Amino acid sequence: MKIEGITKGFNDRKKGFQPVVGTTDVDIHEGEFITIIGPSGCGKSTILKMIAGLESADEGTIRLAGRPIDAPSRELGIVFQQHVLLPWMSARQNVIFALETDPRTKRSKQELASLADEYLDLVNLSHAADRRPHQLSGGMQQRVGIARAFALEPQVMLLDEPLGALDALTRHELQLQLLDLCEKQKRTFIMVTHDVDEALLLSDRILVMGAGPSARIVHDISVPFSRPREVENLDQDPAYHELRHFLLNSLTGH
Ligand SMILES: Nc1ncnc2c1ncn2[C@@H]1O[C@H](COP(=O)(O)OP(=O)(O)OP(=O)(O)O)[C@@H](O)[C@H]1O
Ligand SMILES: [Mg+2]
């Protein structure tokens, strides 16, 4: 993915045009796990929405495999902070429903169900496939959302604080599952998070945004830890703590 010279602002009824994202260029390679971190309101979600084709950039272009992104597409899977599951359908039916909207393949009911089960199994939810969203915990609902996005097999997965609404323990558990998932299913990930440890655990590169207006990427950091990653090994690595310190400082403006 090539992001070249994009900018974005919004019109405010009182204040007029408000620039949000300043000129931004990024190259993202296939198979990379990228996280974007930065102060609240700097424009992280706005950038992700432009990549998803949900918002258009004021200037510049975003290309995926050479083609400009100007509308949402199957190649771009999205997971938001809050799950958006259909409440009257079971976990399995929610995944099947998304698969049924995919015009690329005609699959039998049987094939759809087994594909849905395969992806629910990847997020350890086989036992809960028949439950409806209100019968699932917040973390389980979020996992259904992740399974559904994966089942569509997009080229690029976009995640906007996918674990943001969870308690610390569940969040950590899901971070480990996501780590496992992205090592099993090599794919390009672009994730927004405000959790420095999450960024360091999961990503190959961390893009740190500065404060707005006209926020830009102020640091583009390669995360040097080898994979598969283990939390215990990272914790014993002085480089981990150094990077962590650097990121926390850059987020608090030091
Ligand atoms: N559709 C819109 N219309 C007007 N202003 C918008 C719109 N979307 C975003 N903004 C403004 O753009 C700025 C950046 O918003 P954005 O949601 O991208 O921030 P963020 O970095 O994701 O913040 P957070 O960490 O709190 O999620 C904010 O000032 C927000 O109010
Ligand atoms: Mg946001």
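The present account deals with the structure reproduced in this document. (Residues numbered from 1 in each chain as written. Chains lettered and ligands numbered in written order. Predicted model: local features only at pLDDT ≥ 70, side-chain atom pairs only at ≥ 80, totals over all residues. Heavy atoms only, no water.)

## What to know about helix H1 (residues 44-52)
- Most of H1 sits inside the fold, with seven of its nine residues counted as buried.
- Trailing H1 by a residue or two, Gly53 shows a phi angle of about 80°, which is positive. (Buried < 20%, exposed > 50% of the residue type's maximum accessible area, 1.4 Å probe, protein only. Helix = DSSP H or I, 4+ residues; strand = E, 2+ residues; numbered from the N terminus.)

## Examining the packing of aromatic side chains
- Throughout the structure, instances matching the rule amount to three aromatic pairs.
- Geometrically, the ring pair formed by Phe150 and Phe189 is tilted, given 5.8 Å between the ring centres and 45° between the ring planes. In this pair, Phe150 is assigned in helix H4 (residues 138-151) and Phe189 in strand E8 (residues 188-192), connecting sequence segments 39 residues apart.
- Given the relative accessible area of 1%, Phe150 is considered buried.
- Assessed through its relative accessible area of 1%, Phe189 is described here as buried. (Phe/Tyr/Trp six-rings, centres within 6.5 Å; stacked < 30°, edge-to-face > 60°.)

## Brief notes about the pairing of strand E3 (residues 33-37)
- Counting buried positions along E3 yields five of five residues, so the element is predominantly enclosed.
- A two-sided burial pattern is seen for E3, the buried positions comprising Phe33, Thr35 and Ile37 on one face and Ile34 and Ile36 on the other.
- Bridge count between E3 and E8: four bridges; the pairing is parallel. The partner of Phe33 across the bridge, within E8, is Phe189.
- Across four bridges, E3 lies against strand E9 (residues 205-209) in parallel orientation. Across the sheet, residue Ile34 finds its bridge partner in E9, namely Arg205. (Pairing = 2+ DSSP bridges.)

## Structural notes on the sheet that holds E9
- Read from one edge of the open sheet, six strands run E6-E7-E8-E3-E9-E10, paired in mixed fashion. Each of the sheet's edge strands pairs with one partner strand only, and the pair in question is strand E6 (76-79) and strand E10 (217-222). Strand-to-strand twist in this sheet, taken as the mean axis angle between neighbours without regard to direction, amounts to 15°.
- Sitting on the sheet, H1 touches E3, E6, strand E7 (156-160), E8 and E9, and the angle it makes with E7 is about 155°. (Axes fitted to C-alpha atoms, helices over the stretch in contact; angles between N-to-C directions. Contact = heavy atoms within 4.5 Å.)

## Digging into the site of ligand 1
- As a structural note, the neighbourhood of ligand 1 is formed by Phe10, Val20, Pro39, Ser40, Gly41, Cys42, Gly43, Lys44, Ser45, Thr46 and Glu161.
- A distance of 2.6 Å separates an oxygen atom of ligand 1 from a polar side-chain atom of Ser40.
- Ser45 is positioned with one of its side-chain polar atoms (N or O) 2.8 Å from an oxygen atom of ligand 1.
- Protein chains bury 58% of the 640 Å² of accessible surface belonging to ligand 1 in isolation.
- Ranked by residues supplied to the shell around ligand 1, first place goes to H1 with three residues. (Near = heavy atom within 4 Å. Polar contact = N/O pair within 3.5 Å; in protein donor to acceptor, adjacent residues only side chain to side chain. Areas by Shrake-Rupley, 256 points an atom, 1.4 Å probe, with all protein chains shown as cover.)

## Observations concerning the nonpolar core
- With 51 residues, the main nonpolar core has Leu120, Val144, Leu200, Ile206 and Leu247 as its most contacted residues.
- If we skip the residues at most four places from it in the chain, Val144 touches Leu85, Ala91, Asn94, Val95, Leu120, Leu125 and Leu136.
- Formed by 26 residues, the second largest nonpolar core is a distinct cluster that contains Ile36, Ile51, Leu76 and Leu158. (Core = buried A, V, L, I, M, F, W, Y, C linked by side-chain atoms within 4.5 Å.)

## Description of helix H8 (residues 238-251)
- With 14 residues, H8 extends 20 Å between its outermost C-alpha atoms, agreeing within 8% with the 20 Å of an ideal straight helix rising 1.5 Å per residue.
- Looking at H8, one finds that the buried residues are Tyr240, Leu243, Leu247 and Ser250. Angularly, the buried residues of H8 cover 100° about the axis, an arc narrow enough to put them on a single face. Residues Pro238, Glu242 and His245 are exposed on H8 and point more than 90 degrees away from its buried face.
- Check the buried side of H8 and you find it contacts E3, helix H6 (196-202), E9, E10 and helix H7 (231-235).
- Here H8 starts with a cap whose side-chain oxygen sits 2.9 Å from the backbone nitrogen of Ala239, and that cap is Asp237.
- Remark: Gly253 follows H8 within two positions and exhibits a positive phi of approximately 80°. (Expected span 1.5 Å × (residues − 1). Arc of directions from axis to C-beta.)

## Digging into the sheet that holds strand E2 (residues 16-27)
- The four strands are arranged E2-E1-E4-E5 in an open sheet whose pairing can be described as antiparallel. Each of the sheet's edge strands pairs with one partner strand only, and the pair in question is E2 and strand E5 (67-68).
- Strand direction decides the pairing type here: strand E4 (residues 59-64) and E5, joined by two bridges, are antiparallel. Within E5, the residue paired with Arg63 across the bridge is Pro68.
- In the packing of H1 onto the sheet, contacts are made with strand E1 (2-12), E2 and E4, and the angle to E1 comes to roughly 120°.

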